[in-house]
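# Residue-level structural notes
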Amino acid sequence: MDFNLTREQEMLRDMVREFAQRELAPKALALDAKGEFIHDIIKKTAELGLVGIITSKEFGGTGMGHLARMLMIEELSRIYASLGFFFQTGQIGMYAIENFGTPEQKQKYLPALCKADKIISTALTEAGGGSDPSAIQTTAELKGDEYIINGRKVMISEAPVCDLAIIVAKTGDKFSAFIVEKGTPGFTTSGKENYVGLRSLPVGDLVFTNCKVPKANLLGQEGKGLAVAIGGISAVGRTGVAGVALGTAEGAYAAAVKYAKERKLYGKPIAELQAIQYMLVDCNMEIETARWLCYKAAVLLDQGKSPRDAGDDITRCKLYSCDIASKVALRAIQIMGGYGTIPQYEITRRLNDSIELFTAAGTQEIMKNTLARSIIA
Amino acid sequence: MPGDIAVCIKQVPHPDCLAKLSLDAARGTVNREGVPAVINPVDRNAVEASLRLREKLRNRVIALTMGPPAARKALEDALAMGADYAVHLCDRAFAGADTLATARALAGGIRSTGGIALIICGNTTIDSGTGQVAAQLAEMLDFPCVTDIEEIMPEDGASLLVKRAWEQGDIRVRVRLPAVLAVNAKINQPRLPNVLDIMAARQKEIKEWCAADAKVEAGCVGLAGSPTQFWQAGEFHARRQGEILRGSPDEMVAAAVDKLKKLELI
């Protein structure tokens, strides 16, 4: 068993770390307060080849793999989780197109997505529930060469700014996935919701009213739409959320360690107090555990395991990392005392971001259900 | 510009981890264990300056370093930034070199590479900070040398115009080629390598040369060739003591001046 990164992975990690320090660290507080989509920064990541990091070179990507992606998301989220989370959501759609799309769909969409010239949303959740895909009410009815789509997807990341969306709709008694482009008559997006965390990623609704989509935009086979969506959400979404959680925890922990070494009480740094040390040790242990769960899931995908075969590892890394991110952020606040809840100290943002991760790409409870099923199978 | 650009770089401890370094007083060396190593920060500016010149002049950029096997990583980073190939001067004979012995090894490497029209270095390193190597290298190669450069402007193929700063402005110097230039951190912002560059770096060549390959005699380099050698090292612990002066502004100023005089500081 080799715990070492390759030289390329090390160089990628260093490059992303420096990018985050240059481009995100000085602005993170203001970006979070503003809460606007950070397309300009995302474009810079695309120029560095990061948006297409799991997309094949053939389609404009860089194809460095899932562990490289995990390192990238971890490093970005350590400074500003919103940008890390962009890679979680955006790359679900790209993964789905590459793995289930026709050659024409891949050529048409992936190069522009890798350059961040276009933004993609993936939409499963409806008002009737996100955790239960079978409750989807949106319908797609085939008439001639077109599907007529009606329904509403809610709480969709990047919905207000997306150029195309992958959605899942009912086709008869089964579900199918479609690519819907912005500008298609009958397809509108709503204004963004005001969420407490991950504020640079706008979240909103996708609305379909007699929206006519060409038959060529069916993604994967008709009736196999859930496999398209769940495959992407599992392999890319859950690992992505886990990476964001890991980086968020690391950011909070680093701030707490720095503060504990600088803040003096009773004539010495509070880092010398055992009560503080124990909290730091708990954070350290949890982060290290989360990191290896995350890396393992990513390595399995790089080894060619399917999202189903790597499913338990993916579930564990999502469940555990999201669990510890908020714990670490809360401990950091506790260590920093009154300063911890002042936004300028950037720990409340970590907590707010970590809260958003509980429900992303499957709730913590759904993760437990999934793992439980596997254990007792 | 006929000829290639050699950019000399050094691997140093990561600037964010300098507090983790400790001194081995007995051996007179710095204990670097557990401290990650990177390209000396201003040497990255030198690599960037070389690459920008290449974009205009269409020559090759060769990254050069002298150091132990681990220094290869610094060259890999330079290759990922865009250098065409690299030369690693790696030989036990090079160990323990002072600046003069380092410059001899680098000069040997540059002569053996051949066809170098311009050498760009960082102005100084964060671990030793002498700023001597560029000038020594120029002397050995009989090239002109300009240091502390903030801007390089290509002219014709025979010369470059460079700008160096001083307190009240800047000085522009026309330097004939071949030449040695030492740049400071103001000259540019080093680029970040993109993912494809990182992946392509592995395909690029790193030539590993011993003293014989660089055509330098073992006795002229490393510890044996160093006219300056470690004698003694000690750690200095600064102790600070604050004192708050009270009274009117005039009284406080008078008291401060009085104290500084007593300490013979003014």
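Residues numbered from 1 in each chain as written. Chains lettered and ligands numbered in written order. Predicted model: local features only at pLDDT ≥ 70, side-chain atom pairs only at ≥ 80, totals over all residues.

### Remarks on the domain arrangement of chain A
Residues and elements named next belong to chain A. In terms of domains, chain A is made up of domain 1 (7-114), domain 2 (120-225) and domain 3 (227-376). If you average the C-alpha positions of domain 1 and of domain 3, the two centres end up 20 Å apart. Facing the 26 residues of domain 1 at the interface are 27 residues of domain 3. Contributions of two or more residues to the side of domain 1 that touches domain 3 are made by helix 2 (28-34), helix 4 (66-79) and helix 5 (81-100). (Domains from an automatic or database assignment. Contact = placed C-beta atoms within 7 Å. Helix = DSSP H or I, 4+ residues; strand = E, 2+ residues; numbered from the N terminus.)

### Regarding the packing of helix 5 of chain A against helix 6 (residues 103-114) of chain A
All names here are of chain A. Interhelical geometry of helix 5 versus helix 6 gives an angle of 155° and a closest axis separation of 10 Å. What the angle tells us is that helix 5 and helix 6 run roughly antiparallel. Seen from above, helix 5 lies across helix 6 with left-handed handedness. For the pair formed by helix 5 and helix 6, the contact residues are Met 94, Ile 97 and Glu 98 on the first element and Gln 105, Lys 106, Tyr 109, Leu 110 and Leu 113 on the second. In terms of residue class, the contact of helix 5 with helix 6 is built from five nonpolar, one polar and two charged. (Axes fitted to C-alpha atoms, helices over the stretch in contact; angles between N-to-C directions. Parallel < 35°, antiparallel > 145°, perpendicular 65-115°, else oblique. Left-handed = near helix turned anticlockwise from the far one by under 90°. Nonpolar A, V, L, I, M, F, W, Y, C, P; charged D, E, K, R; others polar.)

### Structural notes on helix 9 (residues 311-336) of chain A
Residue and element names in this part refer to chain A. Spanning 26 residues, helix 9 covers 38 Å between terminal C-alpha atoms, matching the ideal 38 Å at 1.5 Å per step. Burial analysis of helix 9 places 20 of its 26 residues in the buried class, the great majority of the element. The positive-phi residue at the C-terminal boundary of helix 9 is Gly 337, with phi of around 55°. (Expected span 1.5 Å × (residues − 1). Buried ≥ 20, exposed ≤ 12 C-beta atoms within 10 Å, placed from the backbone.)

### Description of the sheet that holds strand 6 (residues 61-66) of chain B
Backbone hydrogen bonds are what pair the strands of a sheet, in a parallel or an antiparallel way. All names here are of chain B. Taken together, the nine strands give an open sheet; going across it, the order is 11-10-9-12-8-1-6-7-13, and neighbouring strands pair in mixed fashion. Each end of this open sheet is capped by a strand with a single partner; those strands are strand 11 (169-176) and strand 13 (206-209). Averaged over all adjacent pairs, the angle separating strand axes in this sheet is 35°, with direction ignored. Examined bridge by bridge, strand 8 (residues 116-122) and strand 12 (residues 179-183) share five bridges and lie parallel to one another. Across the sheet, residue Cys 121 finds its bridge partner in strand 12, namely Ala 182. Taken strand by strand, helix 1 (residues 41-57) contacts strand 1 (4-8), strand 6, strand 8, strand 9 (145-154) and strand 12, and its axis lies near 150° from that of strand 8. Sitting on the sheet, helix 3 (residues 99-113) is in contact with strand 1, strand 6, strand 7 (85-89), strand 8 and strand 13, with an inclination near 145° to strand 6. (Pairing = 2+ DSSP bridges.)

### Things to note about the environment of A:Gln9
Residue and element names in this part refer to chain A. Tracing the sequence through the fold places Gln 9 in helix 1 (residues 7-24). Counting along the chain gives 58 residues from Gln 9 to Leu 67, while the straight-line C-alpha distance between them is 8.0 Å. Beyond its immediate chain neighbours, meaning those up to four positions away, Gln 9 contacts Leu 67, Ala 68 and Leu 71.

### Describing the nonpolar core
Core analysis: the biggest nonpolar cluster contains 193 residues, and A:Phe178, A:Ala332, B:Val7, B:Ala63, B:Ala78 and B:Leu181 have the highest contact counts within it. Ranked by the residues each element gives to this core, the list is headed by helix 7 (residues 225-262) of chain A, at 17 residues. Aside from chain neighbours lying at most four places away, what touches A:Phe178 is A:Ala140, A:Tyr147, A:Ile149, A:Ile167, A:Ala169, A:Val213, A:Asn217, A:Leu218 and A:Leu219. (Core = buried A, V, L, I, M, F, W, Y, C linked by C-beta atoms within 7 Å.)

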